[in-house]
Amino acid sequence: MLAELSNPSVCMRDPQRVQDILQSMVKAGSNTVQVISDFDMTLTRFAHNGKRCPTCHNILDDSKLISSDCRQKLKELLNKYYPIEIDSSRSVEEKLPLMVEWWTKAHEILVEQKIRKDLLASVVQESDAMLREGYQLLFDHLHEHSIPLLIFSAGIGDILEEVIRQAGVFHPNVKVFSNYMDFDESGVLKAFKGELIHIYNKREGALLNTGHFQELRTRPNVLLLGDSLGDLTMADGVQDMENILKIGFLNDKVEERKQSYLDSYDIVLVKDETLEVPNAILLYLTGNKGTEN
């Protein structure tokens, strides 16, 4: 078993199952693997030095590109809908229309701000957004071994890409499915493109993009990274899946959510701000067996 999995922040309901999946994936070879990941609070940090880190939406919300009135409205939406999003007593079916409502209203408010495309890079640069510790190894190692990284995000694609670009790891093997801004000919935000992707419909996002999964038919082994129960459906577009290892970051409200995460994810990382465990698994899958006990 990987030494990193004995870390106290690592919880598993069934360690033997994890070991079996890993062995099966190793046997199949790293050229059969793809990584499907959420972005906010999964590839990015939840907190740093005790302070919450921003999501893609927060980067905009906290920026100079929006008015204080707009910021206030977005904050009110967050205070109303975020508790619903993480409420373990409500079913996904019940949350679904409310999440659509939240995202739709937030996007409408942002469109009113006439945000300029050419200012997005500086806003990301000035923000406190941070990829998790170990991100360089994760992105570079996947690229080096030509392993596709598919990112499904309910965030804002333009901002997300900028975060990865500024970190110097936006390699050609990275494909992003998210909410993209639609700018007019003078570079001002006029709408959001296509279907809305929110926290609980990533499955639809995945299925809308089956064309992309088609190219990945030779990669039936999936490493899935997420931080919410909504992320568990991100791999639903994968055809003829052989193995899936689900790693969940449990960042917040640990006690009340731990059981549901243990029931849903194979490995649960409690308040772990690093990518140590996914990296150890990747090194193991690509034949760098030095990480074994």
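Residues numbered from 1 in each chain as written. Predicted model: local features only at pLDDT ≥ 70, side-chain atom pairs only at ≥ 80, totals over all residues. Heavy atoms only, no water.

Chemist: Can you lay out helix α10 (residues 254-264) for me, pointing to particular residues and giving the numbers?
Modeler: Regarding α10, the residues found buried are V254, R257, Y261 and L262. For α10, the buried positions fall inside an angular range of 145° around the axis, keeping them on one side. Here the buried face of α10 lies against β1 (10-11), β10 (243-250) and β11 (267-270). (Buried < 20%, exposed > 50% of the residue type's maximum accessible area, 1.4 Å probe, protein only. Helix = DSSP H or I, 4+ residues; strand = E, 2+ residues; numbered from the N terminus. Arc of directions from axis to C-beta. Contact = heavy atoms within 4.5 Å.)

Chemist: Describe the state of the cysteines, listing the residues and the values that go with them.
Modeler: One pass over the structure, following the stated rule, counts zero disulfides. C56 takes part in no disulfide bond, and the closest cysteine sulfur to it belongs to C53, at a distance of 12 Å. Its relative accessible area of 1% is what places C56 among the buried residues. (Disulfide = S-S within 2.5 Å.)

Chemist: Could you give me a rundown of the packing of helix α1 (residues 15-28) against helix α11 (residues 276-285), with the residues and numbers involved?
Modeler: Packed helices, taken two at a time, are described by their axes: the angle between them and the distance between them. The N-to-C vectors of α1 and α11 enclose an angle of 40°; their axes lie 9 Å apart at closest approach. As summarised for this structure, α1 and α11 are arranged oblique, according to the angle between their axes. Across the interface between the two elements, L22, Q23, M25 and V26 of α1 pack against I281, Y284 and L285 of α11. Looking at the contact of α1 with α11, its residues break down into six nonpolar, one polar and no charged. (Axes fitted to C-alpha atoms, helices over the stretch in contact; angles between N-to-C directions. Parallel < 35°, antiparallel > 145°, perpendicular 65-115°, else oblique. Nonpolar A, V, L, I, M, F, W, Y, C, P; charged D, E, K, R; others polar.)

Chemist: Requested: an account of the side chain of D266, with residues and values cited.
Modeler: Position of D266 among the secondary structure elements: in the loop between α10 and β11. A polar contact is formed between the side chain of D266 and the side chain of R17, at a distance of 3.1 Å. Beyond its immediate stretch of four places on either side in the chain, D266 contacts C11, M12, R13, R17, V18, I21, I244, L245 and K246. (Polar contact = N/O pair within 3.5 Å; in protein donor to acceptor, adjacent residues only side chain to side chain.)

Chemist: An account of the packing of aromatic side chains is needed here, citing residue identities and associated values.
Modeler: On inspection of all chains with the given rule, the structure shows four aromatic pairs. Ring geometry for Y81 against W102: centres 5.9 Å apart, planes inclined by 10°, an arrangement best described as stacked. A residue pair is termed long-range when its members are at least 10 positions apart, and Y81 in helix α3 (residues 68-85) and W102 in helix α4 (residues 92-112) qualify at 21 residues. Judged by relative accessible area, W102 falls into the buried class, the value being 9%. Look at F152 and F177: their rings are 4.6 Å apart centre to centre, the planes differ by 20°, and that puts the pair in the stacked class. Here F177 lies in strand β6 (residues 174-179) and F152 lies in strand β5 (residues 149-156), a separation of 25 residues in the sequence. Taking relative accessible area as the criterion, F152 reaches 0% and is therefore assigned buried. Three or more aromatic residues joined by ring pairs form one cluster here, namely Y81, W102 and W103. (Phe/Tyr/Trp six-rings, centres within 6.5 Å; stacked < 30°, edge-to-face > 60°.)

Interpretation in functional terms is not warranted from these geometric data alone.
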